Structure formats: structure tokens, C-alpha cells
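Residue-level structural notes
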Amino acid sequence: MLNSSPHSLFSRCKKNLFLFVPLTIFLQACGGSGSSSESEPVEPVEYTFSLTSQLTNSCGVSVPFTHIELLLQDNDWQTVASHQADENGVITFTSLQARLNYTLVAKNQHADEAEGLNIVSFFQAKTTTPAMYHAQFDNLVDNSSCECVTQDVELKHRPFALRSQVTSSLNFETWSAVDDQTTIFENVMACREIEGEWPLQSFSVLGEDVNQQEIGTSEFLADFSENVEGVWSVPAFQVADLVELSTPHEDFSTLQLIQTNEHFLQEIVENQSHLLLFKSHPYVSETFYQSNASVTFQETSSIFGDTTIKSHHQLISANHQQSFEVEASKQRPEVDDINFSEIKADGSYDYSAVSGYPMAVISFSYTAYEPQTQLLMPATWTHYGREQGTIAMSGPLTGYENIINSDTAKKSTKVLLQKSSKTSDYFDYIEFYQGGNLDKNETSLLSDFRQYEIEISLN
């Protein structure tokens, strides 16, 4: 052992430094110990990644969705491994990296469209964040666990001389007025899990009374058991209040979020002085008000295609007045609206000129074809990444090159530049998206959320 006090050892080290003693000698002479033993090797840390893929039916019951593959990729978006979902729709593996680049390739099908692909890529996603994929494949949806009923709703209410708006949280075909105190919602469909609870739903009418005073009435219904007349009869006891709006304001929409459903949607026109609001119903203590506004900067059409540039703002709050303060940016984003040169031919992109928007969501839709039949195959590829970087589309889609490659024609390009008042940290955004987060409340990333939208559609 070196026979020196800490103070004398420090002094010797200072002298050695000023005499420019070679670094290796300095480390040997001024080390904390004269032992020749080497440091213990550091054990590598293993991180576990897990993704759950689900398909949800009409009454909210989720089942495993197995038609999905994960491509694990490096920083150049080259595939280093691939993983298939098991029978439970789960993909899991271990990695020595705390953050990963990966692409999900999932079969996709909507309404009467042909089967296609939905491709989603994540840049530097946290390995240990439980990931979720919400699949869409309408032809595979199994509603055998659901009880669905379709019939009319008869809403009995105060007298209306004029009905200006008739809404429901459920889908319905049309509405008709039987008399001034009865409104029929035709072909309403309600679904629940067999032997489960019926979801809370609402029905409302806005308009004027005989004195041309604005009035509104509504009611909630949480029991859709069929009755003998084939009509659900609902007496409406909830009354709308007249709420003043601060002016000036732009066009915006507003609705109420109650128990995951959307209720009482209204479109508010620019500088409207007031609105009718249901704010004293029994569920007001659990209600969040969601308002959305948009500003269009550019909307052009030519023989080549269409171009749109917009800004959006969303506010969600338990206080309705706070949500009504929604205001989309009127400052045009700093983008090349002629050549849209922010995305380069080599796959690099740069939207950093749009300051303060840390998240870029870049989507391409393709004119792709099924390799065997050569029939049109809908395909969309979405990249979640920083405001500048390299898009996942710059690398090969391993195993699917005969469907999507550098020669595959693009139908459209859409870019969403995003920022939330909750955070400016990119990693908060990527974790939100990889987790498949659908929550909408005043603590959500989406509660005060701004976007710039740039979309180019080719003819």
C-alpha cells in the first residue's frame, strides 16, 4: 500500500499534473490503492419488453389479436430481430437496451375495405413501458359476448316550438317530432356485455319555446332492456342552462366526457355570445368538458392533389369555462408549403423550425398490392419520433418488401407536430403513444394539446 496521507498524496498528484506526467503513470502513482487487482466486471442490465395486442368488440370486450409482428430495429431502422405474438396476443423479450426502435406490422381491415396493413414505428420507446396495440379488423370482430338491441327512443320533454339540435351519445338513424313534447330517435342501437351493465347514454334536444326563448332538455338512460312496445320511453328532466361565452372567440366544438362516453356535442360559431349547457345533471361531479378548435392556413387543390395546413387546439377540464378558452394558433407554421422539403429523399426530416413542438407523427398511405392476387391492399405506415431525425420508412420493412418498398406509390403524406402544456419532454410523448393511452381527462397529455397538421394527398 502507498504510505502517504491523503493530503500528501493530493500534493504529489498536483505536482505530477504540472510536470505533464503521462496519464498512465499518473493513474498508477496517484490511485487510491496500490492493489494490482482489477475492478469487478459490471453485470449487464436486462430489460423486459412486453406488448399486448387486442381487438375490441361492440360492447367493449377485448380479445387477443395475433395477426401482428414486431420488427426490432437499430438507429438506421435496419431490422435486427423479429417477434411474433403468442396465442394471447402478447409479444415479450429481453434487451440490454433501456430504449428501443421498433415497428409493428399488423393486419388491418375496416368496414367493406379489403384486408390491409397498419404499420406503426416508435423511435426510442422505453423498453419497460407496457405497450398496447389496439387493432382494427372489422371482419374478425366477435360480438358473441355482446347483447345488442336496436329500437326507437321516445323522449318526452317540455314543449318546443323549434328544435335546432337533436343529439345522442348512441348512434341512431334519424329523428322525428311526434308533437311539441315528443321527439323520436329512430333505430337506436345499444350494446352491453351479456349479463353486464348497460353503459350510460344520453339523449338531448335544443331549440326554442313558443316565446322564442332558447331552451334545452335531456335525459340519461342506463337500462336498454326491450319493452313490449318496442320503444324505450324516456322522460327528460334535465334542463340546460344559458352560459355566456367570452368574446372574441373562434369556431369551436364542445362536448362532455362521462364514463368514457361523449355526450351533448355542440358546434359553436365564431363570436357566439352564449350556449345552452347541461351542467346540473346527476353526473356533473365526474364530467370533463372537451373543446376543440382549428384554424386553416392553406387548403389548395390541383390536378396533382390536395394540400392542407391547419392548427388545432384541445382543452379538457372539469371546469367548463376553462375548456371554452380553447384557441387554435393563428401563427402559420414555419414549413415549406411549396416543395415540403422537410422530408428528404434519404428519409431524414427536420421540423425543428416549428419551435416548441417536440413530437412528430408522420404517416404515409400507400397504393400497395397483395403479392399473390395483385389486388389493391390498403396500407398505412405511421412514424412516432422527434421533431427531427430519420423516418422508419427509410429502412426496409423486413418480410414485407414485396408489399411496401421504396418504389411503392404513396397516396398521401400527413404530418402532425404536437405539443402538450403538460410536458416538453419527448420521452413523455413516446411513452404515451406506445402505451396505447386512450384516457381523456384534465391530467392527460391531451388535456391542453396543440397540433400543426400538414397533409398532402395525391390524385
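Each value, and the rule that gives it
Residues numbered from 1 in each chain as written. Predicted model: local features only at pLDDT ≥ 70, side-chain atom pairs only at ≥ 80, totals over all residues. Heavy atoms only, no water. Helix = DSSP H or I, 4+ residues; strand = E, 2+ residues; numbered from the N terminus. Rg over C-alpha atoms; globule rule 2.2 N^0.38 Å. Buried < 20%, exposed > 50% of the residue type's maximum accessible area, 1.4 Å probe, protein only. Contact = heavy atoms within 4.5 Å. pLDDT = per-residue confidence, 0-100. Disulfide = S-S within 2.5 Å.

1. A few points about the overall build of the chain
Scanning the chain from N- to C-terminus turns up 4 helices and 28 strands. A compact globule built from 459 residues would reach a C-alpha radius of gyration of about 23 Å, whereas the chain, at 29 Å, exceeds it by more than 25%. Viewed in the frame of its principal axes, the chain has a C-alpha envelope of about 100 × 60 × 55 Å. Burial status across the chain gives 44% buried among its 459 residues. Within the chain, contacts between residues separated by at least 24 positions form 66% of all contacts whose residues are at least 6 apart in sequence.

2. Side note on the confidence of the model for the chain
Taken as a whole, the chain shows an average pLDDT of 91; of its residues, 92% reach a score of 70 or greater. Contacts for the low-pLDDT stretch residues 1–36, under 50 throughout, to residues beyond four places or in other chains number 19 contacts.

3. Things to note about the state of the cysteines
This structure, assessed with the given rule, holds 2 disulfides. With its sulfur 2.1 Å from that of its partner, Cys-59 forms a disulfide with Cys-146. One quick way to see it: the torsion about the S-S bond of Cys-59 and Cys-146 is about -80°, and its sign makes the bridge left-handed. A residue pair is termed long-range when its members are at least 10 positions apart, and Cys-59 in the loop between strand 1 (47–56) and strand 2 (62–64) and Cys-146 in strand 9 (residues 146–156) qualify at 87 residues. Taken as a pair, Cys-59 and Cys-146 share a single burial class, namely buried. At a sulfur-sulfur separation of 2.0 Å, the disulfide partner of Cys-148 is Cys-191. With the S-S dihedral at roughly 115°, the linkage between Cys-148 and Cys-191 falls on the right-handed side. Here Cys-148, found in strand 9, pairs with Cys-191, found in strand 12 (residues 182–193); they are 43 residues apart in sequence, far enough to count as distant. Classification of Cys-148 as partly exposed rests on a relative accessible area of 37%. Here the bonded cysteines of the chain are numbered in sequence order, and their pairing is 1-2, 3-4.

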